[in-house]
Amino acid sequence: MRRLLWLGIGLAVGALVVRKVTQKAQSYTPGGIATSLSESAGGAVESFRSFIDDVRAGMAEREQQIHEAFAEGVTFDDQFADLRGDPRIGDHEIFPEDGSR
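Residues numbered from 1 in each chain as written. Predicted model: local features only at pLDDT ≥ 70, side-chain atom pairs only at ≥ 80, totals over all residues. Heavy atoms only, no water.

Observations concerning the overall build of the protein chain
Here's step 1: Scanning the protein chain from N- to C-terminus turns up three helices and zero strands.
Here's step 2: Going from the N terminus to the C terminus, the protein chain shows its helices and strands as α-α-α.
Here's step 3: Relative to its 101 residues, the protein chain shows a buried fraction of 3%.
Here's step 4: Accessible area for the protein chain stands at about 9,300 Å²; split by element, carbon and sulfur atoms hold 63% of it. (Helix = DSSP H or I, 4+ residues; strand = E, 2+ residues; numbered from the N terminus. Buried < 20%, exposed > 50% of the residue type's maximum accessible area, 1.4 Å probe, protein only. Areas by Shrake-Rupley, 256 points an atom, 1.4 Å probe, with all protein chains shown as cover.)

Take a look at the structure:
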C-alpha cells in the first residue's frame with residue numbers, strides 16, 4: 001500500500017513537471033514569442049491610452065479653472081509667471097525679444 005501511495009505521488013509530480021516544462025518550451029517557439037509580444041504591446045498601448053486620458057482630464061480641468069477666472073473677471077493665478085522671466089527656461093534664448101536672429 002505504501003509503494004502504491006509513493007507511486008501515485010511520483011506520477012502526479014512527474015505530470016506537473018512535464019506540463020510546466022512543456023509550457024515553458026512552448027513560450028520559446030515562434031508562436032509563443034509572438035503571443036508574448038502581442039500581449040506586452042497590448043499592455044503598452046493600454047498604458048499609453050490611460051496616460052493620454054489622464055492628460056486630457058487634467059487639461060479640461062485646467063481649462064475650466066481658466067474659464068471660471070475669466071468669467072469672474074479676476075486675474076488668474078499663474079503659478080509659472082516667475083519662471084518666464086528666467087532666461088534659462090522657455091524660448092527666450094531661441095526667440096529673443098529684440099527681434100534679432
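There is more to say, and it comes next.
A closer look at a nonpolar patch on the surface
Here's step 1: Nonpolar side chains collect at one region of the surface, where Leu5, Trp6, Ile9, Val13, Val17 and Val21 lie side by side and expose about 590 Å² of accessible area between them.
Here's step 2: Its location among the elements puts Val17 in helix α1 (residues 2-27).
Here's step 3: Here Val17 falls in the partly exposed class, since its relative accessible area comes to 49%. (Patch = residues over 30% accessible without salt bridge, like charges linked within 9 Å, V, L, I, M, F, W, Y side chains within 5 Å. Salt bridge = Lys/Arg side-chain N within 4 Å of Asp/Glu carboxyl O.)

Re the confidence of the model for the protein chain
Here's step 1: Model confidence for the protein chain is summarised by a mean pLDDT of 82, while 74% of its residues fall at 70 or above.
Here's step 2: Per-residue pLDDT, averaged within each element of the protein chain, yields its smallest value for helix α3 (residues 81-84) (66) and its largest for α1 (92). (pLDDT = per-residue confidence, 0-100.)

What to know about α1
Turn by turn, an α-helix covers 3.6 residues, leaving residues three or four places apart pointing in a common direction.
Here's step 1: Taking 1.5 Å per residue, 26 residues should reach 38 Å; α1 reaches 38 Å between its end C-alpha atoms and fits that length.
Here's step 2: The buried fraction of α1 amounts to zero of the 26 residues, a small share that puts the element mostly on the outside. (Expected span 1.5 Å × (residues − 1).)

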